[in-house]
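Structure at a glance
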Amino acid sequence: MSMTNTAQIIETGLIDLEQVKKKQRIKSFFKGMAFLLPSIILFSVFLFYPMFRTIYLSFFLTKANGDPTVFVGLENYINIFSSPIFLRSMKSTFLFVLYTVPASVIVSLFLAIIANEKLKGIGFFRTVYSSTMGVSVAAASVFWLYLFNPSMGLLNQILGTFGIEAIGWLTDPKWALISVSITTIWMNVGFTFLILLGGLQSIDSSLYESADIEGAGYLYKLRKITIPMLSPTMFFVITVTIINAFQSFGQIDILTQGGPINETNLIVYSLYREAFVNYKFGSASAQAIVLFILILLMTALQFKLGERKVHYQ
Amino acid sequence: MTISKSRKVFFYVILILSALILAGPMIMAIVMSFMTNKDILTGSLPSTFTLDNYVHAFERFPLFQYLFNSLVVSIVIMIGQLVLSSLAAYAFVFLEFKGRDLLFYVFIATMMVPFEASIIPNFQIIRDLGWIDTYTGLAVPFFATAFGTFLLRQNFKQIPKELREASQIAGMGDFKYYVTVVLPVSKASLVTLGIYGFLSSWNMYLWPLLSTTNDTVRTVQIGLKQLQTQEQLNEWGVIMAGAVIVIIPTLILLFFGQKKLQKGLTEGALK
């Protein structure tokens, strides 16, 4: 066999190898896609396309069935930001976040800390504290609708026995948003409690043992071990609660329908009404984009702020 | 760590008080659902025990139909999510191919799009497909879930790589490996995701409100809203009976799955 021949054989061998590799790459690409395709298709149809379609619609006037008619540029945006009703809705939404997020987290943290004690029957209390997670927004709203009822509701009855004047929980503009917030906090507690308890249980118990040896007190341990070690979980819980607050809808629909005088017309309720009651899909889409940007900003802000404060193990 | 007796008592008092306050609205609803309307209206304590409210709720409203609809939709969504996210998670963990990392970021990006912000085109899509008032329209948009994919991906990553290598030597293909090895090994996290999927589908409100217009497919959550808005005589007992029926399935599920959920949600959340 001559030298050139050998070289040729090696060369064709290499080409074959290249081709086999290439074939394999293509094959593994298609295999990967086959596994991912169902998710990708559904995300495209029910998430990415609707998102872009919302942006598109927000630049148009629409017919009652939602088809775009006239391109109006930024007019929908200009209109909503000069509409006192929408500005009111934005203000209420931010206030709602402010009322519900810190309170939900603090109450749940308190419950998680007391439910993390090693006591007999603690499992029962954990189940009770997480139970509101299983209560749907419709059921929770119905419970509180009765509690807030002006004449026979339990809350006003209790106030009455102390000789305090009845409060128009859902009808008084001063109280309505607070009442909706109370309902929301109650609904939030189950989930946030469960996550925070998980965070507490994952803290290394040797940290507490060495603190015990040094004779550290309960509050000292809480401040120096529990809270710092819990910060990644806190960070997650706060982000999720904020995003949930921005997306609240059901409790508004059942408790107040956005009233009194638009006091509880939170952004999702506002865009729902604009689209499916007033049939102004363009303007509703502009509101949806505002909601989208708000949630995006909140997530980004949380990550930025969280990075510095969070203590990673 | 030994806990002194007084400290123990102190904790039990706080635990019980907190439980009573938190469960208060639920206890109240359950008690009211067994009270006569007269007792409720006069604000007295329950004097007689009655099942009338439940009888009325079922008589005046197609509650069985609503419950059945919710059950079908929730189970279909649960199964859809389990299949799609386990397939996707398998690809992200066991398969290597061009564009995988990019697709992973696409999955992360989906978590930033709130469903509420894309509800208008979604409604139009369902309408144009003729899926209004169908189980398909209620369920299919929720099959793909990034959260579920990440949760299962975390779990699949813990399966030893040697296992895949051994199966490859034995000539086992990816799909067979996924079905016969990966899924059975990950049963626990599949159950967690299943519980979570069922819970959140059962409790869904905005989408069923938009995509159903009649009783044949209407879910129990919207049924409860109907019950509440149509009971004009202030028959709170009947409304509460309806609400109690709505929450019983999820409370039972939560009761059995609480530990699993806690573990799964924390892991899924904090990679």
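Residues numbered from 1 in each chain as written. Chains lettered and ligands numbered in written order. Predicted model: local features only at pLDDT ≥ 70, side-chain atom pairs only at ≥ 80, totals over all residues. Heavy atoms only, no water.

Overview of the overall build of chain A
Applied cut-off: Working definition: helices are DSSP H or I runs of at least four residues, strands are E runs of at least two. Numbering for both runs from the N terminus. A radius of gyration in this sense is built from C-alpha atoms; the matching globule rule multiplies 2.2 Å by the number of residues raised to 0.38. Whether two residues touch is decided by their heavy atoms; if any such pair falls within 4.5 Å, the residues are in contact. The charge count includes Lys and Arg as positive and Asp and Glu as negative, but it does not include His or the ends of the chains. The atoms used to mark charge sites are NZ of Lys, CZ of Arg, CG of Asp and CD of Glu.
Within chain A, the regular secondary structure consists of twelve helices and two strands. The helix and strand sequence of chain A, counted from the amino end, reads α-β-β-α-α-α-α-α-α-α-α-α-α-α. Computed over C-alpha atoms, the radius of gyration of chain A comes to 28 Å, more than 25% over the 20 Å expected from 2.2 N^0.38 for 313 residues, which places it beyond the range of a compact globule. Oriented by its inertia axes, the alpha-carbon framework of chain A measures out at about 110 × 75 × 30 Å. For chain A, the share of sequence-separated contacts (at least 6 apart) that also reach a separation of at least 24 residues comes to 66%. One finds the centroid of the 22 positive side-chain charges in chain A at a distance of 3 Å from the centroid of its 16 negative side-chain charges.

A short note on the side chain of B:Ser201
All names here are of chain B. Our working rule: Buried residues are those whose accessible area, probed at 1.4 Å on protein chains only, stays under 20% of the maximum for their type, while exposed residues exceed 50% and partly exposed ones sit between those limits.
With respect to the element layout, Ser201 can be found in helix α11 (residues 187–202). Accessibility expressed as a relative area gives 9% for Ser201, which makes it buried. Non-local contacts of Ser201, meaning those with residues more than four positions away in its chain, are made with Ser74 and Ile77.

Thoughts on the interface of chain B and chain A
Stated formally: Throughout, buried area stands for the accessible area (probe radius 1.4 Å) lost by two parts on being put together, summed over both. A pairing counts as a salt bridge when a side-chain nitrogen of Lys or Arg comes within 4 Å of a carboxyl oxygen of Asp or Glu.
Between chain B and chain A, the residue contacts involve 89 residues of the former and 91 residues of the latter. Taking both partners together, chain B and chain A bury about 7800 Å²; carbon and sulfur atoms supply 78% of that area. Broken down residue by residue, the surface that chain B buries against chain A is led by B:Leu15, B:Leu22 and B:Ile120, which jointly contribute 9%. Summed over the shared surface of chain B and chain A, the number is three salt bridges. The partner of A:Glu117 in a salt bridge is B:Arg7, and the shortest N-O contact between them spans 3.4 Å.

Focus on the environment of A:Gln251
This is how it is decided: Pairs of N or O atoms within 3.5 Å make up the polar contacts considered here, provided that, within protein, one atom can donate a hydrogen while the other can accept it, and that residues adjacent in sequence are counted only when both atoms are side-chain atoms.
Relative to the helices and strands, A:Gln251 is located in helix α10 (residues 250–255). Here A:Thr184 takes part through its side chain, which lies 3.1 Å from a polar atom of the side chain of A:Gln251.

With respect to the pattern of salt bridges
Going through the model one piece at a time under the given rule, you end up with nine salt bridges over all chains. A salt bridge links A:Lys31 to B:Asp174; its shortest N-O distance comes to 2.6 Å. Of the two residues, A:Lys31 sits in helix α1 (residues 3–57) while B:Asp174 sits in helix α10 (residues 174–185), which places them in two different chains. Its salt-bridge partner being B:Asp174, residue B:Arg164 comes within 3.3 Å of it at the nearest N-O pair. Taken together, the residues B:Arg164 in helix α9 (residues 161–169) and B:Asp174 in helix α10 connect sequence positions ten residues apart. As far as burial versus exposure is concerned, B:Arg164 and B:Asp174 are alike and both buried.

Considerations on the packing of aromatic side chains
Condition: Any pair of Phe, Tyr and Trp rings, taking the six-membered ring for Trp, is counted once the centres come within 6.5 Å. Such a pair is stacked with planes under 30 degrees apart, edge-to-face with planes over 60 apart, and tilted for the rest. The criterion is that NZ of a Lys, or CZ of an Arg, lies within 6 Å of the ring centre and within 35 degrees of the ring normal, and then a charge sits over that ring.
Taken as a whole and judged by the stated rule, the model has 47 aromatic pairs over all chains. Measuring from centroid to centroid gives 5.9 Å for A:Phe35 and B:Tyr178, while their planes differ by 85°, and the two rings are edge-to-face. Taken together, the positions of A:Phe35 in helix α1 and B:Tyr178 in helix α10 put the pair across two chains. As far as the burial class goes, A:Phe35 and B:Tyr178 line up, both buried. Clustering of aromatic rings is evident, with ring pairs tying together A:Phe249, A:Tyr269, A:Tyr272, A:Phe276, A:Tyr279, A:Phe281, B:Phe123 and B:Tyr205. When the ring centre of B:Tyr177 is taken as reference, the NZ or CZ atom of B:Arg164 above it lies at 4.7 Å.

Brief notes about the environment of B:Leu209
In this structure, B:Leu209 sits in helix α12 (residues 206–211). Put simply, B:Leu209 and B:Ala109 are 100 residues apart on the chain and 27 Å apart in space, counted from C-alpha to C-alpha. In this structure, B:Leu209 is in contact with A:Phe249, A:Asp253, A:Tyr272, B:Ile222 and B:Lys225, ignoring residues within four places of it in sequence.

Re the nonpolar core
Going by this rule: Buried Ala, Val, Leu, Ile, Met, Phe, Trp, Tyr and Cys residues that are joined via side-chain atoms within 4.5 Å together make up what is termed a nonpolar core. Throughout, the edges of the domains are those of an automatic or database domain assignment.
One finds A:Tyr129 and A:Phe143 to be the most contacted residues of the largest nonpolar core, which totals 185 residues. Both of domain 1 (3–57) and domain 2 (82–309) of chain A provide at least three residues apiece to this core. Sequence-distant contacts of A:Phe143, defined by excluding residues within four places in its chain, comprise A:Val135, A:Trp186, B:Pro25, B:Met26, B:Met28, B:Ala29, B:Met240, B:Ala243 and B:Ile247.

Looking at the pairing of strand β2 (residues 68–71) of chain A
Residue and element names in this part refer to chain A. Our working definition: Pairing between strands is defined by DSSP: at least two bridges between the two strands are required.
With two bridges joining them, strand β1 (residues 60–62) and β2 adopt antiparallel strand pairing. Bridge assignment links Thr62 to a residue of β2, and that residue is Pro68. The hairpin formed by β1 and β2 contains five residues between the paired strands, and Gly66 there has a positive phi angle of roughly 100°.

Considering the domain arrangement of chain A
Residues and elements named next belong to chain A. So the rule is basically this: Here the nonpolar group is Ala, Val, Leu, Ile, Met, Phe, Trp, Tyr, Cys and Pro; Asp, Glu, Lys and Arg are the charged ones; every other residue, Gly included, is treated as polar.
Splitting chain A by domain gives domain 1 (3–57) and domain 2 (82–309). Centre-to-centre separation of domain 1 and domain 2, based on C-alpha positions: 45 Å. Contacts between domain 1 and domain 2 engage four residues on the former and five residues on the latter. A combined buried area of about 380 Å² lies between domain 1 and domain 2, and 82% of that area is made up of carbon and sulfur atoms. When the buried area of domain 1 at its contact with domain 2 is split by residue, Met51, Thr54 and Leu57 rank highest and sum to 90% of it. Counting across the domain 1 and domain 2 interface gives zero residue pairs in polar contact (both at pLDDT 80 or more). Its residues assigned to classes, the side of domain 1 that touches domain 2 comprises three nonpolar, one polar and no charged.

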